[in-house]
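Structure assessment
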Amino acid sequence: MELELVKKYHQELNIDGFSLKDNLLIIAGPCSIESEEQMLQVAKMLFENKIMFLRTATYKPRTSPYSFQGLGREGFGIIKKIKEIYPLKVVAEIVNTRDLDLYIEYVDIIQIGARNMQNFEILKTLGQTKKPVLLKRGFGNTIEEWLNAAEYLLVNGNDQVILCERGIRTFEVMTRNTLDISSIPIVKGITKLPIIVDPSHASGRSDLVRPLSLAAIAAGADGLMIEVHPQPNESISDKDQAIGFGEFTSLLDEIIRIKTVLNEM
Ligand code: PEP
Ligand code: MN
């Protein structure tokens, strides 16, 4: 019974024609929706660079109650406008299931954040939908606990699950978290569920996004989720880890080069 469905998983991730067979799953965008203008700038840049997946958030789980909490329901109106202009798929975090209808309507991949990885009621509810779920690893959770969270989604009937390693808490304070690079080959040895890496939350540092991204792809990750902002220094949340458009596009180029080398090996 233990991790039964995770271990025998054999589905293909299939989000409206996107297949992992020939593509990396690259998701990029701001930590949170700040304004329509900010989102339009990011969406345009992604579209021009042939990136299909836009990350963002309308609700932010913040450590301090005094930090920006996200635009809430208003954010869905902005997502709707962006999607009317650009054919992008939106990835956004759910923090409770009260607004599930809005997520079902406007969001293409529902993210379960590190803090809710073991919110079993959210897992059960999303398990009963057909929406793809991006399941982040809790910063205090083992790989086995993380895969059990995935099992909750699978056993409830949702087979569109993507795992996301985003760093774990260690004694090291130079980085926000410590990217557990070994989780990639370990997870791959247990399950065929796709696994991507979030170098932004793993490090909390924009200067580490590039090396961690390259390392993740070299270690076999199926993709990346990266925080990108039109003016990183002005980002309302997580500004220390956001990268700008120029850095993002040159990183994309390097990621493709690493992947090409891997494919030839
Ligand atoms: C996020 O991706 O917006 C986020 C809050 O990340 P995490 O849940 O990994 O901290
Ligand atoms: Mn963030």
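Since we're looking at a predicted model, the values are computed, not measured. (Residues numbered from 1 in each chain as written. Chains lettered and ligands numbered in written order. Predicted model: local features only at pLDDT ≥ 70, side-chain atom pairs only at ≥ 80, totals over all residues. Heavy atoms only, no water.)

1. A short note on the overall build of the chain
Looking only at helices and strands, the chain has 10 helices and 10 strands in total. Against the compact-globule benchmark of 18 Å for 265 residues, the chain has a radius of gyration of 17 Å, which places it among compact chains. The dimensions of the chain, computed from C-alpha atoms along their principal axes, are 50 × 45 × 40 Å. Within the chain, the fraction of its 265 residues that count as buried is 54%. Across the chain, every contact between residues at least 6 apart in sequence was considered, and the portion connecting residues at least 24 apart equals 70%. Surface accessibility of the chain: about 12,000 Å² in total, with carbon and sulfur atoms responsible for 52%. Positive and negative side-chain charges in the chain, numbering 30 and 35 respectively, have mean positions lying 1 Å apart. (Helix = DSSP H or I, 4+ residues; strand = E, 2+ residues; numbered from the N terminus. Rg over C-alpha atoms; globule rule 2.2 N^0.38 Å. Buried < 20%, exposed > 50% of the residue type's maximum accessible area, 1.4 Å probe, protein only. Contact = heavy atoms within 4.5 Å. Areas by Shrake-Rupley, 256 points an atom, 1.4 Å probe, with all protein chains shown as cover. Lys, Arg positive; Asp, Glu negative; His and termini not counted. Charge placed at Lys NZ, Arg CZ, Asp CG, Glu CD.)

2. Brief notes about the pattern of salt bridges
Charged atoms that come close allow side chains of opposite charge to pair. Scanning the model with the defined rule gives 17 salt bridges in all. Between E48 and K44 there is a salt bridge, with the nearest N and O atoms lying 3.0 Å from each other. Residue E48 and its partner K44 are located together in helix α2 (residues 36–48), separated by 4 residues, close to a single helical turn. Close ionic contact of K124 with E121 constitutes a salt bridge, the shortest N to O distance being 3.0 Å. Here E121 and K124 lie together in helix α5 (residues 120–127), a separation of 3 residues that amounts to about one turn. The structure contains a network of salt bridges with shared partners spanning R137, E165 and D180. (Salt bridge = Lys/Arg side-chain N within 4 Å of Asp/Glu carboxyl O.)

3. Some details on the coordination of the manganese ion (ligand 2)
Protein coordination of the manganese ion (ligand 2) is provided by C31 (SG), H201 (NE2), E227 (OE) and D238 (OD), with donor distances spanning 2.0 to 2.3 Å. Written as a sequence motif, the donor residues of the manganese ion (ligand 2) are C-x169-H-x25-E-x10-D. Highlighted residues: H201 in helix α8 (residues 199–203) and D238 in the loop between β10 (223–227) and α10 (245–264), separated in sequence by 37 residues. Both residues of the pair, H201 and D238, belong to the buried class. (Donors = N, O, S within 2.8 Å, 3.2 Å for Na, K, Ca; no water.)

4. As for the site of ligand 1
Around ligand 1, the structure places R55, K60, E93, Q111, G113, A114, R115, K136, R166, H201 and M225. The side chain of R115 places a nitrogen or oxygen atom 2.9 Å from an oxygen atom of ligand 1. If ligand 1 stood free it would expose 300 Å²; the protein chains cover 98% of that surface. (Near = heavy atom within 4 Å. Polar contact = N/O pair within 3.5 Å; in protein donor to acceptor, adjacent residues only side chain to side chain.)

5. Concerning the nonpolar core
Counting residues in hydrophobic clusters, the biggest one holds 66 residues, and the most contacted among them are L46, L126, L135, L163 and F248. The element best represented in this core is helix α6 (residues 143–155), accounting for 7 residues. Among the nonpolar cores identified, the runner-up in size contains 14 residues, and I27, V91, I162 and M225 belong to it. (Core = buried A, V, L, I, M, F, W, Y, C linked by side-chain atoms within 4.5 Å.)

6. Regarding unusual backbone geometry
Phi at K50 is positive, roughly 60°, even though this residue is not glycine. For K50, the position within the fold is in the loop between α2 and β4 (53–56).

7. Notes on the packing of α2 against helix α3 (residues 74–85)
Packing of α2 against α3 leaves a shortest axis separation of 10 Å and a crossing angle of 35°. Here α2 and α3 pass one another in a crossing that is right-handed. Every residue of α3 that contacts α2 at E36, M39, L40 and A43 is listed here: I78, K81, I82 and I85. Along the lines of polarity and charge, the residues of the contact of α2 with α3 split into 6 nonpolar, no polar and 2 charged. (Axes fitted to C-alpha atoms, helices over the stretch in contact; angles between N-to-C directions. Left-handed = near helix turned anticlockwise from the far one by under 90°. Nonpolar A, V, L, I, M, F, W, Y, C, P; charged D, E, K, R; others polar.)

8. Details of the sheet that holds strand β3 (residues 25–29)
With respect to topology, 8 strands assemble into a closed barrel ordered β3-β4-β5-β6-β7-β8-β9-β10, the strand pairing being parallel. With direction set aside, neighbouring strand axes in the sheet form an average angle of 25°. Across 2 bridges, β3 lies against β4 in parallel orientation. Bridging across to β4, A28 finds its partner in L54. (Pairing = 2+ DSSP bridges.)

9. Considering the packing of aromatic side chains
As enumerated under the stated definition, the model contains 4 aromatic pairs in all. Taking the centre distance of 5.1 Å and the plane angle of 85° together, the rings of F18 and F53 count as edge-to-face. Taken together, the residues F18 in strand β2 (residues 18–19) and F53 in strand β4 connect sequence positions 35 residues apart. For the pair formed by F18 and F53, the shared burial category is buried. (Phe/Tyr/Trp six-rings, centres within 6.5 Å; stacked < 30°, edge-to-face > 60°.)

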